[in-house]
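Residues per chain, in single letters:
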Amino acid sequence: MTRRMSIAAAINAGLRAALESDDHVMLMGEDIGRLGGVFRVTEGLQKDFGERRVLDTPLAESAIVGTAVGLAMRGYRPVVEIQFDGFVYPAYDQLVNQVARLHHRSSGQVRMPLVIRIPYGGGIGAVEHHSESPEAQFVMTPGLKVVAPATAHDAFWMIQQAIASDDPVVVMEPKRRYWESGEVGDTPEPLHASQVRREGQAATLVTYGPMVRTCLDAAEAAATEGVELEVVDLRSLSPLDLGPVVDSVRSTGRCVVVHEAQRTLGLGAEIAARVSEECFVHLEAPVRRVTGYDLPYPPSRAEDEFLPGVDRILDAVDSTTDDSVYAGGES
Amino acid sequence: MHHESATANNVQLVQLLTPDGQRVEHPDAAWTGSTDDLLALHRDLVLTRRVDTEAFALQRHGELGLWPPCKGQEAAQVGTARALRPQDMAFASYRGHGVAWVRGVPPENLLGMYRGTTLGGWDPAEFNLALPAIIIGAQTLHATGYAMGLTLDGAVGTGDADRDAAVMVYLGDGATSQGDVLEAMSWAASFSLPVVFVVENNHYAISVPVTRQTAVPLVRRADGFGFPGIRVDGNDVLACHAVATAALERAREGHGPTLIEAVTYRMGAHTTSDDPTRYRDGTESDDWAARDPIDRVRAHLQQLGDHSAAFAALEDEAEQLGVDLRAACAAMPEPDLADQFDRVFVDPDPDLQRQRGDYVAWRSLETGGVA
Ligand SMILES: Cc1ncc(C[n+]2csc(CCOP(=O)(O)OP(=O)(O)O)c2C)c(N)n1
C-alpha cells in the first residue's frame, strides 16, 4: 500500500515509526519540541512522545552533538537536528574528532548510533548561512556515513534505516523539496545504494538530494528534443555506490555530475575521478560538473544564477556531445 | 544551596522609570539628563520602532525575504547604544536595529541583508558598528578580540576622554548557551578587556524559553567569570543608558568587562517566518505590552510638561522616514553574481577569475549576447 505525502511529512512519519519501535530513540535539537521544528518536520512528536524523548535543547550545536555522544555511550540512539546547514559548524569538532572516531579508536568497543539531520541547500530565498551544502566535508571525514534522500519514499525509509544503523549517519535533507509530495511505498531500498531514476542512452546525469528533481526536469526537457538522459540518484554519499553510475556511463559514454555545493573538491570531483578510472575507455568526453561556483553562497537574489538549473545542465550535456566545446573547462 | 531560576527576582533589577512613567531612583544607577535628552531618547525609540514596523510591512509585501523585528527591545538597544562614544566599537545582533539607528547607519542599509541584495550593508569602520552575525554568539569573540586590539593600541585607561575606547557587544539569551560566548567572557576576564556584554534577555530563543538556557538569572554568569554583572529593566531606556554609561566608563578606564542583562521581551515574532502562538501562552504578551518601552517615556515626558508639538513633529518625521524607507527599498540595486567573484579575496585568485569568466560567457550566451 502506498501513501502520498510531502518529504517533510515523510521524515516526520519515519521519525515517529522509529520512536515507536525503539524506546532508546530520542530526538534533540533547537525548537524541535513545542514548535515542531522551524520546518515542522518534528511536528507533534513531543506531544506524543514526551519531553524526555523529544528535547528542546539549549542553543548550542557543539553541546547537542557532544551530549549525543554521551547518550549514545549510555545506550541511547540520539537523532540530532541541526536547524540549518550553516549551523553545523559549531558542532564540526564533535562530529569530526569524536563521533567519527570513537568506534575506530575503541577497536569497535564503542558504538556511535547517532543520526545528524541537516536540512541543507539553497533555493529558498534565505539569509546567509541558511543555504549551504556542506556534505563533502562529512563525506571526506573517515568514520561518518552520509545519505541524501531525494524522494518522500526515501525520506521515510532512509531516516529509519539511519536510526537503525549502529554507525553515525549524517542525513542531508533537501530542504527546498520538503513540501514536494511523492508516493511512499512499503519496501525500502538498501540505505547505501544508488538508483537509476530515469533511463536514457545519450548521457548520464549523476546527482543527489535537491538536484535530483532538477536533473529529472532537465531530462524531461531533453526528451522533448529526442535526447534521452539517464539520471542516477546517488542516495548515499558515503559510502558511495558507484556501480549503477559505472554501468550507466559505460553505456552512454558521457557523464555530468550535478550538485549545489561548490565545485572544488565537491562530490563531483570524486565521482569524476572514479568514473575516469573505471570507465576510461568508454568515455566519449571528459566528465563535466555542474555545481555552485567557488563562492561563499551569494545573497538570495543572486542564488538562481549560482545554483545549477536546467539550462546549465543541458549545456553541460551538450558539451559532452559537441567536440568543439571540449576545450572549455566550464559548463 | 538555595535554588534559583532564570527568572528569579532575587537579583535586583535596576529601574529608573516605572512602566507608568514615574521617575524613581536606584542606588546602582544615576541618570542626570535633561528634558531635551529625554526627548532625544524618545525620538530614537519612536524612529527605531518605525523602521522596524516599516521593514516588517515590507516583508509582508514581498519586498524582503525575512525580517527579525525588534519591537519591545528598543529601550535595551537605544539606551545602551546611546552610552557609546564615537570611538567605541559596537557589535550588534541581527535584531539590533535600534543599535544601528543610534550608530547612524542609514536605515535602508539594514534592509539589503533581508532583501537578499547583499550579505553586508555598511562599512563597519564608518559607523563603528560591525555587521550583524547570524551565527549565534560568534560576535562576542570578535568583540573580545577588538577590545584586545584597543588595549594593545594603548587606547584604554589613558584618561583622555577622546581617546579611551571600549567595545559593546549584544547577544540574546539563547546565545548565552553557545560555547563561543562563554569562551569570550572567559577570555575577556582573563585579559581584563574593555568589553561590555549586553544580553538582551527577551525571554525566548525562537520558541525556547530562557529557562532552558540557564538555571540562574543570566546576570549571575558574570560572577563565575569574575567581572561585575548588572541586571537592568530592559524596557527602561534611562536605566539602560545609566548602567551602560557606567559599564563603558569602567571599561575605558581599563577595569575590564561588565555583563549587562537587559530584561526585556520580544513583543513580536522571532522573525516574519515565525508564529509565536505555537509556543507562548495566554496573557504573557499582554503583560509585557503594559511595560512598553516607549509608552513609559512618553508618559514621563507628559508629566514634565506639554510636549504635544514635539510629539506631532516626531510623528511627521516618522511618516517621512517610512516613505523614504519604502522608496529606498524598491530602489536597491539587484545583486550581480559576477560581482560576487570579485569580493572573495583581496588578491585575485586566477582560478576563481576563470570561473567568473566562464559564468559571464555562459550568461551572455543564455541571454543572447547581453551580459
Ligand atoms: C549557530 C546558530 N544556531 C542556530 C541558529 C538559528 N537561530 C537563529 S536566531 C535563534 C535564536 C536566538 O535566540 P537569542 O540568542 O535569544 O536571540 P533573539 O533571536 O531572541 O534575539 C536561532 C536558534 C543560528 N542563527 N546560529
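Residues numbered from 1 in each chain as written. Chains lettered and ligands numbered in written order. Predicted model: local features only at pLDDT ≥ 70, side-chain atom pairs only at ≥ 80, totals over all residues. Heavy atoms only, no water.

1. Examining the overall build of chain B
Basically, it comes down to this: Helix and strand labels come from DSSP, where a helix needs a run of H or I of at least four residues and a strand needs a run of E of at least two; each type is numbered from the N terminus. Partly exposed describes any residue whose relative accessible area lies between the buried limit of under 20% and the exposed limit of over 50%, with all areas from a 1.4 Å probe on protein chains only and scaled to the type maximum. Computed with the Shrake-Rupley method and a 1.4 Å probe, the accessible areas treat only the protein chains shown as cover for residues. When charges are counted, Lys and Arg are positive and Asp and Glu negative, with His and the chain ends excluded. Where a charge lies is defined by one atom per residue type: Lys uses NZ, Arg uses CZ, Asp uses CG and Glu uses CD.
Along the backbone of chain B there are 14 helices and seven strands. Projected onto its principal axes, the C-alpha coordinates of chain B cover approximately 70 × 50 × 45 Å. Looking at chain B as a whole, 54% of its 371 residues qualify as buried. Accessible area for chain B stands at about 15,200 Å²; split by element, carbon and sulfur atoms hold 53% of it. In chain B, 29 side chains carry a positive charge and 52 a negative one; their mean positions are 3 Å apart.

2. Quick word on the interface of chain A and chain B
A common way to report how large an interface is uses the accessible area buried once the components associate. What counts, and what does not: A contact between two residues is defined here by any heavy atoms of the two lying within 4.5 Å. By definition, the buried area sums, over both parts, the 1.4 Å-probe accessible area that each loses when the two are put together. The term salt bridge refers to a pairing of a side-chain nitrogen on Lys or Arg with a carboxyl oxygen on Asp or Glu at a separation within 4 Å. Counting of polar contacts relies on pairs of N or O atoms within 3.5 Å, with two restrictions inside protein: one atom must be capable of donating a hydrogen and the other of accepting it, and residues adjacent in sequence are counted only when both atoms are side-chain atoms. Gly is placed with the polar residues, together with every amino acid not listed as nonpolar (Ala, Val, Leu, Ile, Met, Phe, Trp, Tyr, Cys and Pro) or charged (Asp, Glu, Lys and Arg).
The partner chain B presents 40 residues to the 36 residues of chain A that form the contact. Taken together, the two surfaces of chain A and chain B that pack against each other cover about 3,600 Å², and 58% of this comes from carbon and sulfur. There are three salt bridges connecting chain A and chain B. Close ionic contact of E334 of chain B with R301 of chain A constitutes a salt bridge, the shortest N to O distance being 3.0 Å. Linking chain A with chain B are 14 residue pairs in polar contact (both at pLDDT 80 or more), by the criterion used here. Elements represented by at least two residues in the side of chain A that touches chain B include exactly α11 (303–306) and α12 (310–321) of chain A. In terms of residues, the side of chain A that touches chain B owes the most to one element, α12 of chain A, which gives three residues. Split by residue class, the side of chain A that touches chain B holds 15 nonpolar, six polar and 15 charged.

3. Overview of the sheet that holds strand β7 (residues 169–174) of chain A
Residues and elements named next belong to chain A. Here is the rule we go by: A pair of strands counts as paired when DSSP detects no fewer than two bridges linking them. Orientation is described by axes fitted as lines to C-alpha atoms, over the contacting stretch for helices, and by angles from 0 to 180 degrees between their N-to-C directions.
The strand order across the open sheet formed by seven strands is β3-β2-β4-β5-β7-β6-β12, and the pairing between neighbours is mixed. Because the sheet does not close on itself, it has two edges, and the strands there are β3 (54–56) and β12 (236–238). The mean inter-strand angle of the sheet, taken between neighbouring strand axes irrespective of direction, is 20°. As defined by bridge partners, strand β4 (residues 77–81) adjoins strand β5 (residues 115–120) across three bridges and the pair is classed as parallel. Opposite V79, over in β5, you have V115 as the bridge partner.

4. A short note on the site of the ligand
Applied cut-off: For each residue, the test is whether any non-hydrogen atom lies within 4 Å of the molecule or strand; if one does, the residue is near.
The environment of the ligand is formed by 20 residues, the closest being E61 of chain A together with Y94, R95, I134 and G174 of chain B. Chains contributing residues to the immediate surroundings of the ligand are chains A and B. Within the backbone of G174 of chain B, a nitrogen or oxygen atom sits 2.7 Å from an oxygen atom of the ligand. A distance of 2.9 Å separates an oxygen atom of the ligand from a polar side-chain atom of N202 of chain B. About the coverage of the ligand: the protein hides 96% of its 580 Å² of free accessible area.

5. So, the nonpolar core
Short version of the rule: Buried Ala, Val, Leu, Ile, Met, Phe, Trp, Tyr and Cys residues that are joined via side-chain atoms within 4.5 Å together make up what is termed a nonpolar core.
With 84 residues, the main nonpolar core has L15, L27, I118, L234 and V275 of chain A as its most contacted residues. Sequence-distant contacts of L27 of chain A, that is, excluding residues within four places in its chain, are made with L15, L19, I32, T42, L45, R53, V54, L55 and V79 of chain A. In this structure, W122, V198, L238 and L314 of chain B belong to the second largest nonpolar core, which totals 68 residues.

6. Section: the packing of aromatic side chains
We apply this condition: Each Phe, Tyr or Trp ring, with Trp reduced to its six-membered ring, pairs with another whose centre is within 6.5 Å; inter-plane angles below 30 degrees give stacked pairs, above 60 give edge-to-face pairs, and intermediate values give tilted ones. Whether a charge sits over a ring comes down to the Lys NZ or Arg CZ being within 6 Å of the ring centre and within 35 degrees of the ring normal.
Under the defined criterion, the tally for this structure stands at 21 aromatic pairs over all chains. Measuring from centroid to centroid gives 5.8 Å for F84 of chain A and F87 of chain A, while their planes differ by 70°, and the two rings are edge-to-face. We classify F84 of chain A as buried; its relative accessible area is 11%. Exposure remark for F87 of chain A: the relative accessible area of 10% places this residue in the buried category. Every member of this aromatic cluster is reached through a ring pair, and the members are F39, F84, F87, Y178 and W179 of chain A. Seen from the ring of W288 of chain B, R291 of chain B lies directly overhead, with NZ or CZ sitting 4.0 Å from the centre. A cation over a ring is seen here: R298 of chain B above F311 of chain B, with NZ or CZ 4.1 Å from the ring centre.

7. Considering the pattern of salt bridges
Enumeration according to the criterion identifies 42 salt bridges over all chains in this entry. Note that R4 of chain A is salt-bridged to E183 of chain A, the shortest N-O span being 3.2 Å. Taken together, the positions of R4 of chain A in strand β1 (residues 3–6) and E183 of chain A in strand β8 (residues 181–184) put the pair 179 residues apart, joining distant regions of the chain. D88 of chain B serves as the salt-bridge partner of R252 of chain B, at 2.7 Å between the closest nitrogen and oxygen. Here R252 of chain B is found in helix α9 (residues 237–252), whereas its partner D88 of chain B is found in the loop between α2 (74–81) and β1 (89–91), with 164 residues between them in sequence. The network of salt bridges with common partners includes R50, E54, E315, E319 and R326 of chain B.

8. Brief notes about the confidence of the model for chain A
Definition in use: Each residue carries a pLDDT score, the predictor's own confidence in it, on a scale running from 0 to 100.
For chain A, per-residue confidence averages 96 on the pLDDT scale, and 97% of positions sit at 70 or higher. Scored below 50 in pLDDT, residues 325–331 of chain A makes 22 contacts in the model with residues more than four places away or belonging to other chains.

9. Quick word on the domain arrangement of chain A
Residues and elements named next belong to chain A. As a reminder of what qualifies: An automatic or database domain assignment is the source of the domain bounds shown.
Here the domain parsing of chain A yields domain 1 (3–184) and domain 2 (195–323). Each of domain 1 and domain 2 has a C-alpha centre, and these two points are 26 Å apart. The interface is formed by 28 residues belonging to domain 1 together with 24 residues belonging to domain 2. The junction of domain 1 with domain 2 conceals about 2,000 Å² of combined surface from both sides, 52% of it contributed by carbon and sulfur atoms. Of the charged contacts in the structure, one is a salt bridge between R176 and E260, with a shortest N-O distance of 2.7 Å. Inspection of the domain 1/domain 2 interface yields 14 residue pairs in polar contact (both at pLDDT 80 or more).

10. Focus: helix α8 (residues 211–223) of chain A
Residue and element names in this part refer to chain A. Stated precisely, the cut-off is as follows: To estimate how far a helix should reach, multiply one less than its number of residues by 1.5 Å.
With 13 residues, α8 extends 18 Å from end C-alpha to end C-alpha; this agrees with the ideal 18 Å at 1.5 Å per step. Regarding α8, the residues found buried are M211, V212, T214, C215, L216, A218, A219 and A222. The inward-facing, buried residues of α8 abut β9 (195–198), β10 (203–207), β11 (229–233), β13 (255–262) and α12.

11. Focus on the domain arrangement of chain B
Here chain B is described as being made up of domain 1 (35–331) and domain 2 (337–366). A separation of 37 Å is found between the C-alpha centroids of domain 1 of chain B and domain 2 of chain B.

12. Thoughts on the pairing of β5 of chain A
Residues and elements named next belong to chain A. Most of β5 is tucked away: six of the six residues are buried. Of the two faces of β5, the one lined by V115, R117 and P119 and the one lined by I116, I118 and Y120 are each fully buried. Examined bridge by bridge, β5 and β7 share six bridges and lie parallel to one another. The residue of β7 that forms the bridge with I118 is M172.

13. Topic: the sheet that holds strand β3 (residues 195–201) of chain B
All names here are of chain B. With respect to topology, five strands assemble into an open sheet ordered β1-β2-β3-β7-β6, the strand pairing being parallel. Two strands lie at the open edges of the sheet, namely β1 and β6 (229–233), each paired on one side alone. Neighbouring strand axes in the sheet, compared pairwise and without regard to direction, differ in orientation by 20° on average. Bridge count for β6 against strand β7 (residues 258–263) is five bridges, and the pairing is parallel.

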